[in-house]
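Listed below are the residues making up each chain.
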Amino acid sequence: MPTNEQRRAAAKRKLERQLERRAQQARRNRILTIVGAVVAVLVVAGAAGTAIVLKSHHNSERSTASATTSSEASEAPGAPGQLPAFKPPADLGANCEYPPSVEPASKPVEPPRSGKVPTDPAQISVSMVTDQGPIGLMLNNAQAPCTVNSFASLASKHFFDNTGCHRLTTAPVLHVLQCGDPTGTGTGGPGYQFANEYPTNQYPPGDPALQEPVTYPRGTLAMAHSAQPNSNGSQFFLVYQDSKLPPDYTVFGKIQDDGLATLDKIAKGGVAPGGKAPDDGPPNTKVTITSALLD
C-alpha cells in the first residue's frame with residue numbers, strides 16, 4: 001500500500017503533467033485560431049471565433065491543499081479563474097462547531113466557544129512574530145467568522161508560540177509557507193476540527209467548480225486541511241506569490257506588508273535538501289513563530 005508521501009508525490013506529478021498538457025493544448029488552439037482566421041478572412045464578419053474553454057484539473061498535497069479532478073467544468077460565481085465575490089450566507093457565524101478530530105491535540109488547548117459568534121468587528125489585527133521577522137496579519141472576521149474565532153482562540157492561548165513553519169513550496173502553481181503544526185510534521189493539530197467557509201460557501205454543495213483551480217493571490221491567509229471534509233484545525237498557509245488551488249481552502253485574512261517582506265526572504269532561501277521534492281519541503285531558512293498576539 002503506498003504511503004502518504006508516495007501518494008502526494010504521485011498527485012504532484014499528475015498535476016504537472018496536466019498543466020503541461022493544458023499548455024500544449026492552448027498553443028495548438030492559438031495556431032488553429034490563426035489558420036482559421038486566414039482561411040475565413042473574406043467572411044470574418046460572419047465567422048466570429050469560438051471560445052474554447054479548457055478545463056483545469058488540480059491535485060495537490062492534502063497537507064496544504066487537497067483536490068480531486070472533475071470530468072466536467074462549471075462556471076465559478078465570479079471572474080473565471082479567480083476567487084468569487086463574497087456574498088454573505090444567511091447563516092454566517094450562526095452555528096460554529098468544533099467537534100473533536102480523529103487525531104488528538106498535538107499541544108494541549110481548549111477548543112474555542114461554539115454556537116453563534118460575532119462578525120463585528122469586521123477585521124482583527126494580529127501581530128505574529130517569527131525569528132525571521134514580523135508577519136502582520138489582518139483577519140477577515142466578517143467573511144470567515146468561525147475560522148477567525150478558532151485562530152484568535154488559539155493565538156490567545158499561545159498555541160502557535162514557539163512552533164515551526166514546516167513546509168515551503170516553490171512549485172510552478174503553489175507558492176506558500178505552511179505553519180500552525182506544533183509537531184512540525186504536517187500532521188499535528190489542536191484536537192478539534194471545523195468546516196470550510198469562504199470561498200467554499202459561495203458554491204452549491206457538490207458543484208464541480210469546487211474542484212477547479214482558482215487563483216489565491218499573493219498576500220492571502222488561508223487554512224490547510226486534510227483529505228477529510230470539514231477537517232480544518234490549526235494549520236494555515238501564507239501565500240507569498242499567486243497560487244492555483246481549488247476553492248475549498250478557507251480564506252480568512254490577508255498578510256500585511258511587513259509579513260510579505262519576511263515571506264519573500266524566507267522563500268528566497270528555497271526548500272531544504274531532503275524534502276518531499278526539490279520544490280516542496282521544509283524551508284531552507286528555518287522559521288519559528290515566537291509569538292502571535294491579537295492587537
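The shown structure was predicted, so the numbers you read here are calculated from the model rather than taken from an experiment.

A.B. asks: Whenever I open this one, the pairing of strand 5 (residues 176-179) confuses me. Can you help?
C.D. replies: In regular strands, side chains alternate between the two faces of the sheet. Judged by which residues are buried, strand 5 turns out to be covered on both faces: Val176 and Gln178 on one side and Leu177 and Cys179 on the other are all buried. Pairing between strand 4 (residues 167-169) and strand 5: two bridges, direction antiparallel. Residue pairing for strand 5: leucine 168 is matched across the bridge by leucine 177. Between strand 4 and strand 5, which pair antiparallel and follow one another directly, the connecting turn spans six residues. The pairing of strand 5 with strand 8 (residues 236-239) spans four bridges and is antiparallel. Looking at strand 8, one finds that cysteine 179 is bridged to phenylalanine 236.

A.B. asks: I'm lost on the environment of serine 231 in this one. Help?
C.D. replies: Relative to the helices and strands, serine 231 is located in the loop between strand 7 (220-223) and strand 8. Taking relative accessible area as the criterion, serine 231 reaches 11% and is therefore assigned buried. Along the sequence, serine 231 and asparagine 196 sit 35 residues apart, while their C-alpha atoms lie 8.1 Å from each other. Apart from residues no more than four positions distant in its own chain, serine 231 is found in contact with Gln193, Phe194, His225 and Ser226. A polar contact of 3.0 Å, which involves the side chain of serine 231, links it to the side chain of serine 226.

A.B. asks: What is the right way to look at the packing of aromatic side chains in this model?
C.D. replies: Aromatic rings in a pair are described by how distant their centres are and how their planes are angled relative to each other. Applying the stated rule across the entire model yields ten aromatic pairs. Relative to phenylalanine 194, the ring of tyrosine 98 has its centre 5.6 Å away and its plane inclined at 65°; by these criteria the two rings are edge-to-face. Placement of tyrosine 98 in the loop between helix 1 (4-39) and strand 1 (123-130) and of phenylalanine 194 in the loop between strand 5 and strand 6 (214-216) is noted, with a sequence separation of 96 residues between them. Phenylalanine 194 matches tyrosine 98 in its accessibility class, with the two residues each being buried. Taking NZ or CZ as reference, lysine 107 lies 5.9 Å from the ring centre of phenylalanine 159, over its face.

A.B. asks: Is there a simple way to explain the state of the cysteines in this structure?
C.D. replies: When the sulfur atoms of two cysteines share a covalent bond, that bond is a disulfide. Applying the stated criterion to the full structure yields two disulfides. Between the sulfur atoms of cysteine 96 and its disulfide partner cysteine 146 the distance amounts to 2.0 Å. Here the S-S torsion is close to -80°, and the disulfide linking cysteine 96 with cysteine 146 is therefore left-handed. On the criterion of sequence distance, the pair formed by cysteine 96 in the loop between helix 1 and strand 1 and cysteine 146 in helix 2 (residues 145-156) is long-range, its members being 50 residues apart. Each member of the pair, cysteine 96 as well as cysteine 146, is classed as buried.

Conventions used here
- Residues numbered from 1 in each chain as written.
- Predicted model: local features only at pLDDT ≥ 70, side-chain atom pairs only at ≥ 80, totals over all residues.
- Heavy atoms only, no water.
- Buried < 20%, exposed > 50% of the residue type's maximum accessible area, 1.4 Å probe, protein only.
- Helix = DSSP H or I, 4+ residues; strand = E, 2+ residues; numbered from the N terminus.
- Pairing = 2+ DSSP bridges.
- Contact = heavy atoms within 4.5 Å.
- Polar contact = N/O pair within 3.5 Å; in protein donor to acceptor, adjacent residues only side chain to side chain.
- Phe/Tyr/Trp six-rings, centres within 6.5 Å; stacked < 30°, edge-to-face > 60°.
- Lys NZ or Arg CZ within 6 Å of the ring centre and 35° of its normal.
- Disulfide = S-S within 2.5 Å.

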